[in-house]
Amino acid sequence: MLVIGLTGGIASGKSTVSRYLRERGAVIIDADALAKELVARGTPAWQEIVAFFGSQVLDEAGNIDRKRLGQIIFVDPQARTKLNSIVHPKVIEATKKRIRELKDNDNVPLIVVDAPLLIEAGMTDLVDEVWVVAVPVQEQLNRLMFRDKLSQEEAIKRIHSQMPLEEKLTYADRIIDNSGSVEETLEILDALWKEIVHDTEK
Ligand SMILES: CC(C)(COP(=O)(O)OP(=O)(O)OC[C@H]1O[C@@H](n2cnc3c(N)ncnc32)[C@H](O)[C@@H]1O)[C@@H](O)C(=O)NCCC(=O)NCCS
Ligand SMILES: Nc1ncnc2c1ncn2[C@@H]1O[C@H](COP(=O)(O)OP(=O)(O)OP(=O)(O)O)[C@@H](O)[C@H]1O
């Protein structure tokens, strides 16, 4: 069973790609969602985050205030490294476990690990192929500012908090060009799906 690691910069279009693959029958492991579960109130990761960042990153109910934490880690590399060191090992373990469970299920045609930091977090060993969703940085910036209602300065900081696209591309087994319309990307994926499912049935 093929395990694909789907990655790409912030707002490059990973969710758009993974939604299509899910509709075709792939099972998606969403690393952002796993990370969210792993920092739920009272968990060991939550405790470590509160110990380091203080209660300024909690909302009134004691949950992590993601907006607040984001405002810190996207501008402060040391804080980001610390958060990553708390969360990433746990995301890796949870992803490994989920892949093992899914591999025991014969009905799953394709497993997709949707992880924005697949390469940065050292998760490429968990997957058979790395797919990188690519958009020119100016287009990425426009889409990010529009989607998350960020200023240009805030959006640039977020983009710069990740590995540059050119470096990500050196890890890519396949590059998914999402610079055109969504319809064009879906056509690319359609062809890719036929090729992959055909290959795995051989
Ligand atoms: C920083 C946090 C609090 C922001 O939460 P928020 O709900 O606003 O955003 P969300 O989780 O949807 O992430 C949006 C995007 O930001 C980027 N991003 C998230 N965390 C990071 C990070 N540590 N470094 C660089 N980019 C990141 C990703 O492209 C992601 O898709 C949250 O993303 C977080 O806890 N990040 C650390 C966990 C992580 O590394 N997740 C990715 C697993 S591969
Ligand atoms: N081909 C496209 N043309 C125009 N807009 C697009 C295209 N693909 C995606 N978008 C839009 O760009 C934004 C970012 O896309 P998406 O949310 O899929 O990115 P992502 O990589 O999953 O983001 P994140 O890293 O934050 O998880 C969304 O508002 C989406 O609707």
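To be clear, the structure that these remarks concern was listed above.
Residues numbered from 1 in each chain as written. Chains lettered and ligands numbered in written order. Predicted model: local features only at pLDDT ≥ 70, side-chain atom pairs only at ≥ 80, totals over all residues. Heavy atoms only, no water.

1. Describing the overall build of the chain
Per the secondary structure count, the chain includes nine helices and five strands. Listed by position from the N terminus, the elements making up the chain come as β-α-β-α-α-α-α-β-β-α-α-α-β-α. Over its C-alpha atoms the chain spans a radius of gyration of 18 Å, differing by no more than 12% from the 17 Å that the globule rule assigns to 202 residues. Each of the three principal axes of the chain carries a C-alpha extent, and together these read 55 × 40 × 30 Å. Expressed as a percentage of the 202 residues in the chain, the buried residues total 45%. Pairs at least 24 residues apart make up 71% of the contacts formed inside the chain by residues separated by at least 6 positions. Of the roughly 11,000 Å² that the chain leaves accessible, carbon and sulfur atoms contribute 50%. The centroid of the 26 positive side-chain charges in the chain is displaced by 5 Å from the centroid of its 33 negative side-chain charges. (Helix = DSSP H or I, 4+ residues; strand = E, 2+ residues; numbered from the N terminus. Rg over C-alpha atoms; globule rule 2.2 N^0.38 Å. Buried < 20%, exposed > 50% of the residue type's maximum accessible area, 1.4 Å probe, protein only. Contact = heavy atoms within 4.5 Å. Areas by Shrake-Rupley, 256 points an atom, 1.4 Å probe, with all protein chains shown as cover. Lys, Arg positive; Asp, Glu negative; His and termini not counted. Charge placed at Lys NZ, Arg CZ, Asp CG, Glu CD.)

2. Focus: the packing of helix α2 (residues 31-38) against helix α5 (residues 77-103)
Contact pair α2 / α5: the axes reach a minimum separation of 9 Å and the direction vectors enclose 115°. Considering the relative orientation of α2 and α5, their crossing is right-handed. Only V87, K90, V91, A94 and T95 of α5 make contact with α2, whose side of the interface consists of A31, L34, A35 and L38. A class-by-class count of the residues in the contact of α2 with α5 yields seven nonpolar, one polar and one charged. (Axes fitted to C-alpha atoms, helices over the stretch in contact; angles between N-to-C directions. Left-handed = near helix turned anticlockwise from the far one by under 90°. Nonpolar A, V, L, I, M, F, W, Y, C, P; charged D, E, K, R; others polar.)

3. Focus: the nonpolar core
Ranked by size, the top nonpolar core spans 36 residues in total, and within it I49, F53, L69, V87, V113 and M123 carry the most contacts. For this core, the secondary-structure elements that each account for two or more residues are α2, α3 (44-53), α4 (66-73), α5, β3 (111-114) and β4 (129-134). Leave out the neighbours within four places in its chain, and F53 touches L69, I72, I73, A79 and L83. In this structure, L6, V17, I28 and V112 belong to the second largest nonpolar core, which totals 17 residues. (Core = buried A, V, L, I, M, F, W, Y, C linked by side-chain atoms within 4.5 Å.)

4. Description of the packing of α4 against α5
Two quantities define a packed helix pair, namely the angle between the helix axes and the distance between the axes. Here α4 crosses α5 at 125°, and the two axes come no closer than 7 Å. By the criterion of interaxial angle, the relationship of α4 to α5 is oblique. Contacts from L69, I72 and I73 of α4 reach α5 at A79, R80 and L83. (Parallel < 35°, antiparallel > 145°, perpendicular 65-115°, else oblique.)

5. Thoughts on α3
Within the sequence span of α3, burial applies to A45, W46, I49, V50 and F53. Around the axis of α3, the buried residues are gathered within 135° of arc, so they sit on the same side. Summarising the geometry of α3, the exposed residues directed more than 90 degrees from the buried face are P44 and A51. For α3, the elements touching its buried residues are α2, α4 and α5. Following α3 by one or two positions, G54 has its phi on the positive side, about 85°. (Arc of directions from axis to C-beta.)

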